Amino acid sequence: LWITHPKGQHPLIAEVDRDYAFLLSAYDVTPGAKTPNVNTMLDQNIWSWNSRVFPGISPLVARLNDRVRVRVGNLTMTNHPIHIHGIEFEVTGTDGGPVPKTARWPEVTTDVAVGQMRQLEFIADEPGDWAMHCHKSHHTMGAMGHDVPTMIGVDHRGLVQKIQKLIPDYMVMGERGMADMGEMEMELPENTFPMMTGTGPYGPIEMGGMFTTLKVRAEQKPGDYSDPGDYKQAPGTQSFEYTGPVAATPHATRAPEASAQAAAAPAGQVRKPQGHAHH
Ligand SMILES: [Cu+2]
C-alpha cells in the first residue's frame, strides 16, 4: 500500500487523529490444503483485510470525537461494499485524488470496486463497539461457506441420530440459517480455520472473513491503538425481553360492502398436485 502525503497543508486533505489502511485480498484454499488454488478467478473462499480474517483482524480504535481516516484498496476480482455501523462517513478521496467538499455525501456503505482505492473519513461521535464489514454475506465467512444446500425450514428432528448410526460424525447445516454454523464445535481439517466464529459479550457472533469492529471510547488515550475490550453499556440502555402483561391481539374487521362482495364472489377451488403426470 502506497500513501503519498502532501507537502504541507492541502485544502481538501484534513488533519486526522487516526489513520487506518488496509488492502482487500481473496484466496481459494481447499479446506486442509497447504497451498492456494492460484488459478481460481472468482470462487474464492477466504476473504481478508491485510491478509487476515476475523477474529484475527484487530479492531479499529478511536477516541470519542476523533476524526478518523480509513483507506481501503481492493486487490480482489470482485467489488466489496464496505459497511460501518454506528457512524456516518464521507468518501473524501479516490485513486484520482481528494474529493471536492461539494461532492461528498454521508454514507454508511461504500462499494470498493475491483482495483479501486477509497478513502473514508468520519467523526467517531458514537461510543460503542460497531460492526465494520464487507456487506456481501459470504465475504464474512471462511472456507465451507459456499456450496451448502439451503436447508432452511427443513425439519431435521431425529434425522441426525439416524444418520449418525451410519456416519458417526454427521452434522446438519443451516437449519435456522447459516448462523447455526458459528455455534458448531466441529473438528476442522488441519491448516483450516472455522467458517464463522468469534464471541462477543452475549455469546457467539458467527462472523469470519472481512469483518472487524470499530471501537469508540471516551476514555481512549490520544494515539492509543490498543483494544479497549468489550464496550460496557450504560445501565438501562440495553434491550431486554418484555415479560409483562400482553394486550389482546386486535382483530381485523371488514367493511360491510367488502363483506357483501366477498359473500357474492364464487369460492376459489384449490387443487393440489396429484403425482407427476402433467408436470
Ligand atoms: Cu466483500
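To be clear, the structure that these remarks concern was listed above.
So, a few notes on the structure that sits alongside this text. (Residues numbered from 1 in each chain as written. Predicted model: local features only at pLDDT ≥ 70, side-chain atom pairs only at ≥ 80, totals over all residues. Heavy atoms only, no water.)

## What to know about the overall build of the protein
Here comes step 1: Counting its secondary structure elements, the protein contains 3 helices and 13 strands.
Here comes step 2: The proportion of buried residues among the 279 residues of the protein is 31%.
Here comes step 3: A sequence separation of at least 24 residues applies to 73% of the contacts in the protein between residues at least 6 apart. (Helix = DSSP H or I, 4+ residues; strand = E, 2+ residues; numbered from the N terminus. Buried < 20%, exposed > 50% of the residue type's maximum accessible area, 1.4 Å probe, protein only. Contact = heavy atoms within 4.5 Å.)

## Observations regarding the packing of aromatic side chains
Here comes step 1: As enumerated under the stated definition, the model contains 3 aromatic pairs in all.
Here comes step 2: Look at Tyr-20 and Tyr-225: their rings are 5.5 Å apart centre to centre, the planes differ by 65°, and that puts the pair in the edge-to-face class. Placement of Tyr-20 in strand E1 (residues 18-27) and of Tyr-225 in the loop between strand E13 (211-217) and helix H3 (256-264) is noted, with a sequence separation of 205 residues between them.
Here comes step 3: A residue is classified by how much of its surface remains accessible, and Tyr-20, at 12% relative accessible area, is buried.
Here comes step 4: Judged by its relative accessible area of 40%, Tyr-225 is partly exposed. (Phe/Tyr/Trp six-rings, centres within 6.5 Å; stacked < 30°, edge-to-face > 60°.)

## Observations concerning the pairing of strand E4 (residues 67-74)
Here comes step 1: Counting buried positions along E4 yields 7 of 8 residues, so the element is predominantly enclosed.
Here comes step 2: Looking at chain direction, E1 and E4 are connected through 7 bridges and run parallel. The partner of Tyr-20 across the bridge, within E4, is Val-70.
Here comes step 3: Direction of pairing for E4 relative to strand E9 (residues 117-123): antiparallel, over a ladder of 7 bridges. Paired with Arg-71 across the two strands is Gln-119, which belongs to E9. (Pairing = 2+ DSSP bridges.)

## Describing the environment of Thr-192
Here comes step 1: Note on placement: Thr-192 falls in the loop between helix H2 (180-183) and strand E11 (197-200).
Here comes step 2: If we ignore the near neighbours within four places in the chain, the residues touching Thr-192 are Pro-31 and Gly-32.

## Section: the side chain of Arg-217
Here comes step 1: Looking at the secondary structure, you find Arg-217 in strand E13.
Here comes step 2: Classification of Arg-217 by relative accessible area gives buried; the value is 3%.
Here comes step 3: Polar contacts involving the side chain of Arg-217 include one to the main-chain carbonyl oxygen of Gly-229, which spans 2.7 Å.
Here comes step 4: Residues contacting Arg-217, with those up to four places away along its chain left out, are Ala-62, Arg-63, Leu-64, Gly-128, Asp-129, Pro-228, Gly-229, Asp-230 and Tyr-231. (Polar contact = N/O pair within 3.5 Å; in protein donor to acceptor, adjacent residues only side chain to side chain.)

## Points about the pattern of salt bridges
Here comes step 1: Overall, the coordinates contain 8 salt bridges when judged by the stated rule.
Here comes step 2: Here Arg-217 makes a salt bridge to Asp-129, at a shortest N to O gap of 2.7 Å. Placement of the pair is Arg-217 in strand E13 and Asp-129 in strand E10 (residues 128-134), with a sequence separation of 88 residues.
Here comes step 3: Where Lys-215 meets Asp-227, a salt bridge forms, and the shortest distance between an N and an O atom there is 2.9 Å. Of this pair, Lys-215 sits in strand E13 while Asp-227 sits in the loop between E13 and H3, and the two are 12 residues apart along the sequence.
Here comes step 4: Here the salt bridges share partners, and the residues they tie into one network are Asp-19, Arg-67, Arg-69, Arg-71 and Glu-121. (Salt bridge = Lys/Arg side-chain N within 4 Å of Asp/Glu carboxyl O.)

## Things to note about the sheet that holds strand E3 (residues 60-63)
Here comes step 1: With mixed pairing, 5 strands are arranged side by side in an open sheet as E3-E13-E10-E5-E8. Either end of the sheet is taken by a strand with one partner, and the two such strands are E3 and strand E8 (109-112). Here the strands of the sheet are splayed against their neighbours by 20° on average, with no regard to which way each runs.
Here comes step 2: Bridge count for strand E5 (residues 80-84) against E10 is 3 bridges, and the pairing is antiparallel. Looking at E10, one finds that Ile-84 is bridged to Met-132. (Axes fitted to C-alpha atoms, helices over the stretch in contact; angles between N-to-C directions.)

## Notes on the nonpolar core
Here comes step 1: Trp-49, Val-70, Ile-82, Ile-84, Phe-122 and Met-132 are the most contacted members of the largest nonpolar core, which has 26 residues in total.
Here comes step 2: In this view, Trp-49 contacts Phe-22, Leu-23, Leu-24, Ile-57, Ile-82, Met-132, His-133, Cys-134, Met-210 and Thr-212; residues no more than four positions away in its chain are not counted. (Core = buried A, V, L, I, M, F, W, Y, C linked by side-chain atoms within 4.5 Å.)

## Some details on a nonpolar patch on the surface
Here comes step 1: Taken together, the side chains of Met-41, Leu-42, Met-77 and Val-114 define a hydrophobic patch exposed on the protein surface, amounting to about 420 Å² of accessible area.
Here comes step 2: Tracing the backbone through its elements, the reader meets Val-114 in the loop between E8 and E9.
Here comes step 3: Residue Val-114 is classed as partly exposed on the basis of its relative accessible area, which comes to 37%. (Patch = residues over 30% accessible without salt bridge, like charges linked within 9 Å, V, L, I, M, F, W, Y side chains within 5 Å. Areas by Shrake-Rupley, 256 points an atom, 1.4 Å probe, with all protein chains shown as cover.)

## Some thoughts on the coordination of the copper ion
Here comes step 1: Looking at the metal site, the copper ion is ligated by His-80 (ND1), Cys-134 (SG) and His-139 (ND1), spaced 1.9 to 2.1 Å from it.
Here comes step 2: When the donors of the copper ion are listed by position in the chain, the intervening gaps give H-x53-C-x4-H. With His-80 in strand E5 and Cys-134 in strand E10, the pair connects residues that are 54 residues apart, well separated along the chain. Per residue, the accessibility class of His-80 equals that of Cys-134, and both read buried. (Donors = N, O, S within 2.8 Å, 3.2 Å for Na, K, Ca; no water.)

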